[in-house]
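Coordinate analysis (summary)
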Amino acid sequence: LKIINYRTIEELEINFPSFYTAICGKNDSGKTNVVNALRGIMKEDTPFSYYDDIFSIKDDYPKWKENETKDKFITLQLTTEVNKDKDAGIYNFLTTYLSLEKAEESLTLVVEATYKEELEKQDVIVTVQNTSIDGYKAQDILKKLQGSRTFLFHNSTDTDSRYHYRYSRGLLKDLSEKNLKQVDELINYVNKRLQKVAKLQQEEITELLGKLENKYKVGLSIPIFDLSTMPVSISLGDSKINVSLDDWGSGTQNRTLILLTLLRAKQISTVAASASKVTPIIVIEEPESFLHPSAQAEFGRVLQDLAEEFNVQVIVTTHSPYLLSIAKPESNILLERKVLRNQLRETISVDTSTSNWMEPFG
């Protein structure tokens, strides 16, 4: 990810070398700005939050650079790997839409969006296999990327009850081929039974209205029964008692919802329909929230293990040393701000490849 002229960032390039990446830094170091850049260019799969046009020169251009130049711009550049199998939906779209012959197993996709004062929308350039595309084609590719559930976001500090609904309603949406077949059989059965019930009700209502002088023809329409949009009640407990997730503490709620996000990413990546198959990127803000230090240590290990097991890229922002990767120090990104004349300036990334890599985190 490369970011130029966005809030506290003048120019910052970040690489994500493994399935798990921890972004750490003091308050106001720029962690949220990195996340917002990702959210803005990728969009997140949720009906409640829309990140359209969140970048503006007036609000987001670095304040200390405002008088340096008249040609102000904000640029976000994202380089991703699109795999023929893991990301079949996007891969097939790119090879067909761009008429790519003899495409490799993995395509390098570079999306660059630039925002200027005179532009009503972002200027987009897309590069695939070293071929650059702009104009409407580039916009179409970006929309396809944004609409393909390539990005899942979880903010641990948001305790809004809509989060519970949002995560529970997706559990039956993306299923394996085996489970999908069973669900389809159930849906067909239920819909047929509902139509029979509707027909009986229609006859009874017609008979009742027939007692009036004016005669009416009655029609009943029942919505198609669809499990994919049905919310699921979540409870935790043991063999003797179950307690609704809403009644558990914030730490347990947050940890459970994060694990459900990982499960959803796994489901999406193994979905039967190839047209929508993709392996999402998950971004989690402060997964250690509301957890005791010992629980943070356990959860940090679990998140890293599941990211590797599911082959899903997980990016976390954190203030906790327990969420850092000990096995792969290069996967930890440490951000800090430069100071000039006692004033905080641009965000920079600190080298974590040395033997004493953890020292700056202290």
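These lines cover the structure that appears in this document, whether it is placed above or below. Bear in mind the structure is a predicted one, so any value in this text is a computation, not a measurement.

1. Considering the sheet that holds strand β3 (residues 20–25)
- With mixed pairing, the six strands of this open sheet are ordered in space as β8-β11-β12-β3-β13-β14. Each having just a single partner strand, β8 (151–155) and β14 (343–350) make up the two edges of the open sheet. Ignoring which end each strand starts from, the neighbouring axes of this sheet average 20° apart.
- Of the strand pairs in this sheet, β8 and strand β11 (residues 281–285) are connected by five bridges, and their pairing is parallel. Following the sheet pairing, Asn 155 is matched in β11 by Glu 285.
- The strands touched by helix α7 (residues 250–269) are β8, β11 and β12 (313–318); relative to β8, the strand with the most contacts, the crossing angle is about 180°.

2. Topic: the pattern of salt bridges
- In this structure the tally under the stated criterion is seven salt bridges.
- Between Lys 328 and Glu 308 there is a salt bridge, with its nearest N and O atoms 3.2 Å apart. A residue pair is termed long-range when its members are at least 10 positions apart, and Lys 328 in the loop between β12 and β13 (332–340) and Glu 308 in helix α8 (residues 293–310) qualify at 20 residues.
- Glu 308 gets classed as partly exposed once you look at its relative accessible area, which sits at 35%.

Rules and cut-offs
- Residues numbered from 1 in each chain as written.
- Predicted model: local features only at pLDDT ≥ 70, side-chain atom pairs only at ≥ 80, totals over all residues.
- Heavy atoms only, no water.
- Pairing = 2+ DSSP bridges.
- Helix = DSSP H or I, 4+ residues; strand = E, 2+ residues; numbered from the N terminus.
- Axes fitted to C-alpha atoms, helices over the stretch in contact; angles between N-to-C directions.
- Contact = heavy atoms within 4.5 Å.
- Salt bridge = Lys/Arg side-chain N within 4 Å of Asp/Glu carboxyl O.
- Buried < 20%, exposed > 50% of the residue type's maximum accessible area, 1.4 Å probe, protein only.

Everything listed here is a matter of geometry and, on its own, says nothing about what the molecule does.
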